[in-house]
Amino acid sequence: MFSAEEQSHIVQIWNYLSGHEAIFGTELLQRLFTVYPSTKSYFPPLIPGLELTQMQNHGEQILMAVGVAVDNMYDLRTALSGLADLHAYGLRVEPTNFHFLIHCFQVMLASHLQSEYTAEMHAAWDKFLTNVAVVLTEKYH
Ligand code: ZNH
């Protein structure tokens, strides 16, 4: 499913994010909520004074799950089965929102890595995150 080159791009970028899940996760959610405000409606209302803590918690959870996906990139369906149930049946997140999140993820990586973030890395991460999104949304149908 992933070439050796794609796999190495995915792991290399993950090594950059790993250990900083709360920081990158917060940045990802802040960008998502700013650029696509409708995505906020899925999350519990932000409580004044606690917004940052809430975003850190949600963002960290999302990034931790991305880490699990990296470790299981050849068996995403099994590794993410519980999360797929949650998003499809519990949260009912409309699939378009996953594209919004992937876009924000790419911009976040590019803004940090600048010219180090090659088009090949971008392509590998797009393929990987799209595979994750497919698994998280396929139970809708
Ligand atoms: Zn999600 C939750 C992941 C996307 C919305 N998430 C969650 C969690 C996780 C995740 C891990 C936790 C779970 C538990 O708790 O158990 N997500 C994820 C991932 C992705 C996602 C990996 C991609 C890639 N989400 C998403 C989107 C949205 C969402 C796109 C919309 C917009 N989530 C969500 C919500 C929740 C979650 C709402 C819940 C929160 C609370 O806390 O309530």
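Structure: see above.
Residues numbered from 1 in each chain as written. Predicted model: local features only at pLDDT ≥ 70, side-chain atom pairs only at ≥ 80, totals over all residues. Heavy atoms only, no water.

Engineer: Just checking my understanding: could you explain the packing of helix H1 (residues 4–17) against helix H7 (residues 119–137) for this structure?
Structural biologist: Relative placement of two packed helices is described by the angle separating their axes and the distance separating the axes. Following both chains from N to C, one finds H1 and H7 inclined at 90°, their axes separated by 9 Å at the closest point. One finds that H1 runs roughly perpendicular with respect to H7. Packed against H1, whose contacting residues are Glu6, His9, Ile10, Gln12, Ile13, Trp14 and Leu17, the element H7 presents Glu120, Met121, Ala124, Trp125, Lys127 and Phe128 at the interface. Broken down by class, the residue content of the contact of H1 with H7 amounts to eight nonpolar, two polar and three charged. (Axes fitted to C-alpha atoms, helices over the stretch in contact; angles between N-to-C directions. Helix = DSSP H or I, 4+ residues; strand = E, 2+ residues; numbered from the N terminus. Parallel < 35°, antiparallel > 145°, perpendicular 65-115°, else oblique. Contact = heavy atoms within 4.5 Å. Nonpolar A, V, L, I, M, F, W, Y, C, P; charged D, E, K, R; others polar.)

Engineer: Would you explain the site of the ligand in this entry?
Structural biologist: Around the ligand, 18 residues are found, and the nearest of them are Tyr42, Phe43, His58, His87 and Leu91. Separating a nitrogen atom of the ligand from a side-chain N or O atom of His87 is a distance of 3.1 Å. In this structure the site holding the ligand corresponds to the largest pocket. Counting residues per element, the ones that place at least two in the shell around the ligand are helix H3 (51–71), helix H5 (81–91), helix H6 (96–113) and H7. (Near = heavy atom within 4 Å. Polar contact = N/O pair within 3.5 Å; in protein donor to acceptor, adjacent residues only side chain to side chain. 1 Å grid on protein atoms, 1.4 Å probe; cavity = no way out; pocket = protein on both sides within 12 Å on 5 of 7 lines; lining within 4 Å. Sits in = over half its atoms within 2 Å of the grid points.)

Engineer: What exactly am I supposed to notice about the coordination of the zinc atom of the ligand here?
Structural biologist: You will see that the zinc atom of the ligand has only one donor from the protein, His87 (NE2), lying 2.2 Å away. Looking at the secondary structure, you find His87 in helix H5. (Donors = N, O, S within 2.8 Å, 3.2 Å for Na, K, Ca; no water.)

Engineer: Any chance you could explain the environment of Arg31 here in plain terms?
Structural biologist: Mapping Arg31 onto the fold places it in helix H2 (residues 21–35). Considered as a pair, Arg31 and Leu101 are 70 residues apart in the sequence and their alpha carbons are 8.9 Å apart. Here Arg31 is in contact with Tyr36, Cys104, Val107, Met108 and Ser111, once residues within four sequence places are set aside.

Engineer: Is there a simple way to explain the pattern of salt bridges in this structure?
Structural biologist: A pair can form between side chains of opposite charge whenever their charged atoms are brought close. Scanning the model with the defined rule gives three salt bridges in all. Measuring nitrogen to oxygen at the nearest pair gives 3.0 Å for the salt bridge that ties Glu6 to Lys127. Residue Glu6 is located in helix H1, and its partner Lys127 is located in helix H7; the two are separated by 121 residues in the primary sequence. Residue Asp85 is joined to Lys139 by a salt bridge in which the shortest nitrogen-to-oxygen separation is 2.7 Å. Highlighted residues: Asp85 in helix H5 and Lys139 in the segment after H7, separated in sequence by 54 residues. Under the relative-accessibility criterion, Asp85 is labelled partly exposed at 29%. Note on Lys139: relative accessible area 26%, which makes it partly exposed. (Salt bridge = Lys/Arg side-chain N within 4 Å of Asp/Glu carboxyl O. Buried < 20%, exposed > 50% of the residue type's maximum accessible area, 1.4 Å probe, protein only.)

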